[in-house]
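The lines below spell out each chain.
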Amino acid sequence: MSQIVDAKVIVTAPGRNYVTLKLTTADGVVGWGDATLNGRELAVASYLRDHVCPLLIGRDAQRIEDTWQYLYKGAYWRRGPVTMTAIAAVDVALWDIKGKVAGMPVHQLLGGPARDGVLAYCHATGEDVPALLDDVAAHLEQGYLAIRAQASVPGVDKAYGVPARGEFYEPASSAVPEEGRWDTESYLRHAPEVMGAVRERFGFDFHLLHDVHHRLTPIEAARLGKDLEEHRMFWMEDPTPAEDQSAFRLIRQHTTTPVAVGEVFNSIWDCQQLISERLIDYVRTSVSHAGGITHLRRIFALAELHGVRTGCHGAGDLSPVSLSAALHVDLTVPNFGIQEYMGHTEQTAEVFHTGYTFAHGYLHPSDEPGLGVQVDEEAAARFPYEPRYLPVNRRRDGSMHDW
Ligand code: KDG
Ligand code: MG
């Protein structure tokens with residue numbers, strides 16, 4: 001028995017807000033978990049501080065599954081992003097502790113590597129097509145084998161995924177949500193042209209991905225999927241709002257462009273129909289928003305049964321603790337597909353010290369015991385929390401649209 005003697009929540013903003021859970025055992029072993037929920041950070045911090053941390057003191061740190069069930073079933077109010085992000089932070093911190101106690105990296109505890117490296121996709125962006133093509137060229141030069149391409153859309157201000165030239169993309173940028181304009185018809189005309197320009201210039205010897213970010217109706221998404229077929233996409237991500245699982249059947253009936261969804265999912269119940277009816281090709285749930293390593297593996301096992309592959313969300317608002325944990329899982333699951341790798345800012349790296357590496361298109365988790373990540377608490381204290389919200393979108397007539 002290795003008792004948890006301390007549970008501490010750290011809120012810090014090195015470049016952006018992150019919530020981190022630190023668990024300490026009676027033997028002095030420390031485990032880290034990511035509890036960041038973009039734009040709703042303090043809700044998870046409070047859930048942990050006020051309702052979870054007091055329950056952890058005195059529990060056996062080795063009993064990961066039991067603690068997961070205790071927090072999930074014990075809350076009575078099940079699922080939801082706040083609850084599942086909090087449970088994820090505890091779960092990941094306990095896997096970190098178990099690895100450190102065993103003297104093994106977490107991927108060894110999960111069965112050991114099932115592949116040599118984790119295929120990663122990066123983000124290439126441009127305010128116009130020539131700028132995007134320059135960015136794709138730069139990423140190919142860096143060795144990436146898979147690239148997500150996003151460009152500005154005529155008539156749409158602040159297109160998703162496109163930063164100002166030379167800046168790191170950070171959509172949660174202001175103390176009240178910024179408002180953008182959205183134009184579906186313009187996007188549907190423009191997006192296939194952009195992907196065509198990328199293929200025309202660079203050919204087909206790398207994977208090309210695109211994120212629709214939940215903005216289309218099923219029939220619009222079906223049309224986009226058909227228009228993208230000639231460009232042989234690796235996937236079309238989040239074509240429609242993700243909570244409507246049966247919408248994906250309509251998309252499926254019309255196009256062979258592979259479909260990925262899942263970054264807003266927080267439990268297996270969000271994707272049960274999508275997976276069991278084979279309505280998607282990739283499930284993109286994350287370690288930190290879907291109940292931690294324990295629950296993510298359950299989702300991925302269900303996906304394996306139905307021929308669906310994985311594609312862990314890895315945006316910058318998931319902390320390096322979360323990315324480290326995802327890489328350990330990615331290395332071990334048989335139905336792994338791809339891992340998003342957006343990277344983090346230099347300020348973030350001052351607080352989170354990681355051991356994962358990138359080479360020739362593949363990420364490699366750390367071989368240190370546990371997750372292989374350290375959090376510098378003194379550095380964290382230098383970056384106080386600031387309220388930052390994700391933007392919202394309005395259509396031309398002023399009505400709300402999905403962001
Ligand atoms: O917090 C929201 C981001 O994580 C999301 O907008 C990023 O869509 C995203 C992606 O695919 O990385
Ligand atoms: Mg996305």
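Definitions and limits used
Residues numbered from 1 in each chain as written. Chains lettered and ligands numbered in written order. Predicted model: local features only at pLDDT ≥ 70, side-chain atom pairs only at ≥ 80, totals over all residues. Core = buried A, V, L, I, M, F, W, Y, C linked by C-beta atoms within 7 Å. Buried ≥ 20, exposed ≤ 12 C-beta atoms within 10 Å, placed from the backbone. Helix = DSSP H or I, 4+ residues; strand = E, 2+ residues; numbered from the N terminus. Domains from an automatic or database assignment. Contact = placed C-beta atoms within 7 Å. UniProt positions renumbered as here; feature names shortened; annotations may be inferred. Pairing = 2+ DSSP bridges. Axes fitted to C-alpha atoms, helices over the stretch in contact; angles between N-to-C directions. Near = placed C-beta within 6 Å. Nonpolar A, V, L, I, M, F, W, Y, C, P; charged D, E, K, R; others polar. Parallel < 35°, antiparallel > 145°, perpendicular 65-115°, else oblique. Arc of directions from axis to C-beta. pLDDT = per-residue confidence, 0-100.

> Explain the nonpolar core to me, using residue names and the numbers behind them.
Nonpolar side chains in soluble globular proteins tend to end up buried together. Counting 110 residues, the largest nonpolar core has L48, V90, I147, A149 and I280 as the members making the most contacts within it. Among the elements that make up this core, the one with the highest residue count is helix 3 (residues 81-102) (eleven residues). Counting the residues that make up this core, at least three belong to each of domain 1 (4-104) and domain 2 (109-370). Dropping the residues within four chain positions of it, I280 is found in contact with F248, V259, A260, V261, L274 and V308.

> Could you give an account of the UniProt feature "domain: Mandelate racemase/muconate lactonizing enzyme C-terminal" (unreviewed entry) in the protein, naming the residues involved and the relevant values?
As recorded in UniProt, the sites labelled "domain: Mandelate racemase/muconate lactonizing enzyme C-terminal" (unreviewed entry) are residues 130-258. As annotated, residues 130-258 comprises 39% helix and 14% strand, and the C-alpha atoms at either end are separated by 26 Å.

> Which residues make up the sheet that holds strand 1 (residues 4-12), and what values do they have?
In space, the three strands of this open sheet follow the order 1-2-3, with antiparallel pairing throughout. In the strand order of this sheet, the two ends are held by strand 1 and strand 3 (30-34), each with one partner. Pairs of neighbouring strands in the sheet enclose a mean axial angle of 20 degrees, with direction left out of account. Bridging between strand 1 and strand 2 (residues 18-25) involves eight bridges; their strand directions are antiparallel. Within the sheet, the bridge partner assigned to I10 lies in strand 2 and is T20. On the sheet, helix 1 (residues 41-56) packs against strand 1 and strand 2 and is oriented at approximately 170 degrees with respect to strand 1.

> Can you lay out the sheet that holds strand 18 (residues 400-401) for me, pointing to particular residues and giving the numbers?
One open sheet accounts for three strands, arranged 6-17-18; its pairing is mixed. With partners counted over all chains shown, the strands left at the sheet margins are strand 6 (179-182) and strand 18, one partner each. As paired elements, strand 6 and strand 17 (residues 392-395) share four bridges and run parallel to each other. Following the sheet pairing, R181 is matched in strand 17 by R394.

> Break down the site of ligand 1 for me, with residues and values.
Ligand 1 sits among N38, P171, D211, H213, E263, H313, A315, D317, E340 and L390. Of the residues in the shell around ligand 1, the class split is three nonpolar, three polar and four charged.

> Could you give me a rundown of the domain arrangement of the protein, with the residues and numbers involved?
For the protein, the assigned domains read domain 1 (4-104) and domain 2 (109-370). Inter-centroid distance (C-alpha atoms) of domain 1 to domain 2 is 26 Å. In this complex, domain 1 contributes 32 residues to the contact, which on the side of domain 2 involves 28 residues. Take the side of domain 1 that touches domain 2: its biggest share by element is 13 residues, from helix 3.

> Tell me about the pairing of strand 3, and name the residues and values.
In terms of residue burial, strand 3 counts as a mostly covered element, since four of its five residues are buried. When strand 2 meets strand 3, the two strands line up antiparallel, connected through five bridges. Paired with T20 across the strands is D34, a residue of strand 3. With antiparallel pairing between neighbouring strands as the criterion, strand 2 and strand 3 make up a hairpin whose turn holds four residues, including G28 at a positive phi of roughly 85 degrees.

> Can you tell me about the packing of helix 3 against helix 10 (residues 292-305), naming the residues and giving the values?
Each packed pair of helices is defined by two parameters, the angle between the axes and the distance between the axes. With their axes 6 Å apart at the nearest point, helix 3 and helix 10 run at an angle of 100 degrees to one another. The orientation of helix 3 with respect to helix 10, classified from their angle, is roughly perpendicular. Between helix 3 and helix 10, the residues in contact are I87, A88, D91, V92 and W95 and G292, I293 and T294, respectively. For the contact of helix 3 with helix 10, the residue count by class is five nonpolar, two polar and one charged.

> Describe in detail helix 7 (residues 218-228), supporting the description with residues and values.
All of the buried residues along helix 7 are P218, A221, A222, L224, G225 and L228. Viewed end-on, helix 7 has its buried residues packed into an arc of 165 degrees, placing them on one side of the element. Lining the buried residues of helix 7 we find helix 6 (184-202), strand 8 (235-237) and helix 8 (247-254).

> Give a description of the confidence of the model for the protein that names residues and reports values.
Per-chain confidence: the protein averages 97 in pLDDT, with 100% of residues scoring 70 or above. On the interface metric, ipTM, the complex scores 0.99, and its pTM is 0.97.

> Describe in detail the environment of E229, supporting the description with residues and values.
With respect to the helices and strands, the residue E229 is situated in the loop between helix 7 and strand 8. Taking the C-beta count within 10 Å as the criterion, E229 has 12 such neighbours and is therefore assigned exposed. Along the sequence, E229 and A175 sit 54 residues apart, while their C-alpha atoms lie 40 Å from each other. Setting aside anything within four residues of it in sequence, one finds E229 in contact with T255, T256 and T257.

> Can you lay out unusual backbone geometry for me, pointing to particular residues and giving the numbers?
Even without a glycine there, the phi angle at R79 is positive, about 65 degrees. Structurally, R79 is set in the loop between helix 2 (64-74) and helix 3. Judged by the 17 C-beta atoms lying within 10 Å of it, R79 is partly exposed. One non-glycine residue, H213, lies in the positive phi region at around 60 degrees. In this fold, H213 is placed in the loop between strand 7 (207-211) and helix 7. Classification of H213 by C-beta neighbours within 10 Å gives partly exposed; the count is 18.

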